[in-house]
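# Summary of structural features
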Amino acid sequence: MIDKNNQYYAAKRQTQITNIIFDIIIYLTLAFVVIATVYPFWNTIAISFNDGLDSVAGGIKLWPRKFTFQNYKNLFLTDRIPKALVISVSRTVLQTVLSVFCTSLLAYALSRKEFVIRKPLTSILVISMYVNAGLIPGYMLIKHLHLIGKYSVYIIPALVDVFNFILVRTYINGLPDSFVESARIDGANEFKIYMSIIMPLIVPSIAMISLFTAVNAWNAWFDTYLYASNKPKLHSLQYVLQAMLQASQNQSANAADANSMAVAAQSGASSTMVTPISIRSSITVVATLPILVVYPFVQKYFVVGMTIGGVKE
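Residues numbered from 1 in each chain as written. Predicted model: local features only at pLDDT ≥ 70, side-chain atom pairs only at ≥ 80, totals over all residues. Heavy atoms only, no water.

## Looking at the overall build of the protein chain
- Within the protein chain, the secondary structure is distributed over 14 helices and 0 strands.
- For the protein chain, the N- to C-terminal ordering of α and β elements is α-α-α-α-α-α-α-α-α-α-α-α-α-α.
- For the protein chain, the proportion of its 313 residues judged to be buried stands at 33%. (Helix = DSSP H or I, 4+ residues; strand = E, 2+ residues; numbered from the N terminus. Buried < 20%, exposed > 50% of the residue type's maximum accessible area, 1.4 Å probe, protein only.)

Below is the structure:
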C-alpha cells in the first residue's frame, strides 16, 4: 500500500514538473513572438522622433538618440496634409457605412431559399472575386461611368465586396429560419425584417467586415493615383504621404549619398533635415495609428457571436 502511494505521489510530482516545464516553454515562445512583433513598430516610432540626419547613422533601437518633433512638423505643416486628411477620413467613414450596408443587404437577399435566382447570382459574384478583368478594363469602366476626377470614385466601386458578402451570407445562413418566418407572419416586409431582425443578430460579422473595409479604405492610395491624381482637392492622405516619401527620396539622392550624411551625423553636426528614413518612419506611424486606435473596440467581435434570442426548432 505504501509503495502504491509513493508511486502515485512520484507520478504526480513528475506530471507537475512536466507541466511547469511545458508552461515555461510556452511563455518563452509567446514572449519571443510578442517581442518580434512589437519591436519593429516600436523601433519605427523611435526613429520617427529622432533627428533625421542622426537617424542615417543607424544604431537607434528603443529610444531616440536626438529627440525631436521636426519629422512630424514637416508632415503636418504641409498645406496638403489637412485637406488630404479630411478626404481620407470622410472616404473611410462613407465607404465603410455604405459598403457594409449594401454588402450585408445583398447577403440577406441571396441567403433566402425562396429567391429563385440566388444561386446564379452568387456564382457570378464568386467568379468575379477570382477572375479579375484587369487594370485597363477597370479604368475604362470607371471612365464610362464618368467617375474620373470625382469624389464618388472612392465610394461607388466599393459598395459591394464579394469576400465580405460571403462572410455575412454564411453567418446569416446559420440563423434559424423561425426569425424570418415569424416576422413575415406579423406582416413585416423584407426590408423591415432585415433592419429589425437580421441586422441586430449579425452584429459580430458586421463589425468584422467594417474593420476590413475601414482598413482598406484608409490605406488606399492607388485609386487616387489612377482616377484623381490631377485633382489635388481629392488627394487622399496615403497618396500625399506616398508622394512626400518619394520626393524626400529623390531629394536625398540628388543632394548627397547616405554615407556622407552618416559621416556628418557621426561628427556631431546638428540638422533639422528630413531624410528618407525619418520621413518613412513618421509616415508609417501616422498611417497606422488610427487603425491601432479603432482595432481594440472591434476585436471582441472576431469571436463568432451567439444567436440573440434563439428559438427552439
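## Digging into the nonpolar core
- With 21 residues, the main nonpolar core has Tyr108, Val168, Ile172, Ile193, Ile198 and Ile202 as its most contacted residues.
- Taken together, the elements giving at least two residues each to this core come down to helix 4 (80–109), helix 7 (162–173), helix 8 (178–185), helix 9 (190–201) and helix 10 (203–219).
- No other element matches helix 7, which puts 5 residues into this core.
- Ignoring sequence-local partners within four residues, the contact set of isoleucine 193 consists of Tyr108, Val180, Ala183, Arg184, Ala188 and Ile198. (Core = buried A, V, L, I, M, F, W, Y, C linked by side-chain atoms within 4.5 Å. Contact = heavy atoms within 4.5 Å.)

## As for helix 10
- Between its terminal C-alpha atoms helix 10 stretches 24 Å, which fits the 24 Å expected from 17 residues at 1.5 Å a residue.
- The buried count for helix 10 comes to 12 of 17 residues, which makes it a mostly enclosed element.
- All of the buried residues along helix 10 are Pro204, Ser205, Ile206, Ala207, Met208, Ile209, Ser210, Leu211, Thr213, Ala214, Ala217 and Trp218. (Expected span 1.5 Å × (residues − 1).)

## Some remarks on the pattern of salt bridges
- Enumeration over the complete set of coordinates arrives at 4 salt bridges.
- Linking arginine 184 and glutamate 190 is a salt bridge whose minimum nitrogen-to-oxygen distance equals 3.0 Å.
- Looking at arginine 184, the relative accessible area reads 30%, which means it is partly exposed.
- Among the ionic contacts, a cluster of salt bridges with common partners joins Glu114, Arg184 and Glu190. (Salt bridge = Lys/Arg side-chain N within 4 Å of Asp/Glu carboxyl O.)

## Side note on the environment of methionine 244
- Examined against the element boundaries, methionine 244 turns out to sit in helix 12 (residues 237–255).
- Among the residues examined, methionine 244 registers a relative accessible area of 15% and is labelled buried.
- Dropping the residues within four chain positions of it, methionine 244 is found in contact with Asn74, Leu75, Thr78 and Ile81.

## Some thoughts on the side chain of asparagine 50
- Here asparagine 50 is to be found in the loop between helix 1 (2–48) and helix 2 (52–56).
- For asparagine 50, the side chain forms a polar contact with the main-chain nitrogen of lysine 66, separated by 2.6 Å.
- When sequence neighbours within four positions are dropped, the list of residues in contact with asparagine 50 reads Ser55, Ile60, Pro64, Arg65, Lys66, Thr68 and Asn71. (Polar contact = N/O pair within 3.5 Å; in protein donor to acceptor, adjacent residues only side chain to side chain.)

## Some words on helix 9
- Compared with an ideal rise of 1.5 Å per residue, which puts 12 residues at 16 Å, helix 9 spans 15 Å between its outermost C-alpha atoms and is within 8% of the ideal.
- Buried residues along helix 9 sit in contact with helix 4, helix 7, helix 8 and helix 10.

## A look at the packing of aromatic side chains
- The full count for this structure, using the stated rule, is 13 aromatic pairs.
- With centroids separated by 5.5 Å and ring planes inclined at 5°, the aromatic side chains of phenylalanine 49 and phenylalanine 67 adopt a geometry described as stacked. Placement of phenylalanine 49 in the loop between helix 1 and helix 2 and of phenylalanine 67 in the loop between helix 2 and helix 3 (70–76) is noted, with a sequence separation of 18 residues between them.
- The exposure class assigned to phenylalanine 49 is partly exposed, which follows from its relative accessible area of 21%.
- Judged by its relative accessible area of 54%, phenylalanine 67 falls in the exposed class. (Phe/Tyr/Trp six-rings, centres within 6.5 Å; stacked < 30°, edge-to-face > 60°.)

## Examining unusual backbone geometry
- For histidine 146, which is not glycine, the phi torsion reads 60° and is therefore positive.
- In this structure, histidine 146 sits in the loop between helix 6 (135–144) and helix 7.
- Overall, histidine 146 belongs to the exposed group, its relative accessible area being 58%.

## A short note on the side chain of serine 111
- Mapping serine 111 onto the fold places it in the loop between helix 4 and helix 5 (118–130).
- We classify serine 111 as buried; its relative accessible area is 3%.
- Among residues more than four places away in sequence, those in contact with serine 111 are Arg169, Ile172 and Asn173.

## Focus on the packing of helix 4 against helix 10
- At a minimum axis separation of 9 Å, helix 4 and helix 10 run at an interaxial angle of 150°. Of the two possible hands of crossing, helix 4 and helix 10 adopt the one that is right-handed. Where helix 4 abuts helix 10, its residues Leu85, Ser88, Val89, Arg91, Thr92, Gln95, Thr96, Ser99 and Val100 lie against Ile206, Ile209, Ser210, Thr213, Ala214, Ala217 and Trp218.
- Here the residues of the contact of helix 4 with helix 10 sort into 8 nonpolar, 7 polar and 1 charged. (Axes fitted to C-alpha atoms, helices over the stretch in contact; angles between N-to-C directions. Left-handed = near helix turned anticlockwise from the far one by under 90°. Nonpolar A, V, L, I, M, F, W, Y, C, P; charged D, E, K, R; others polar.)

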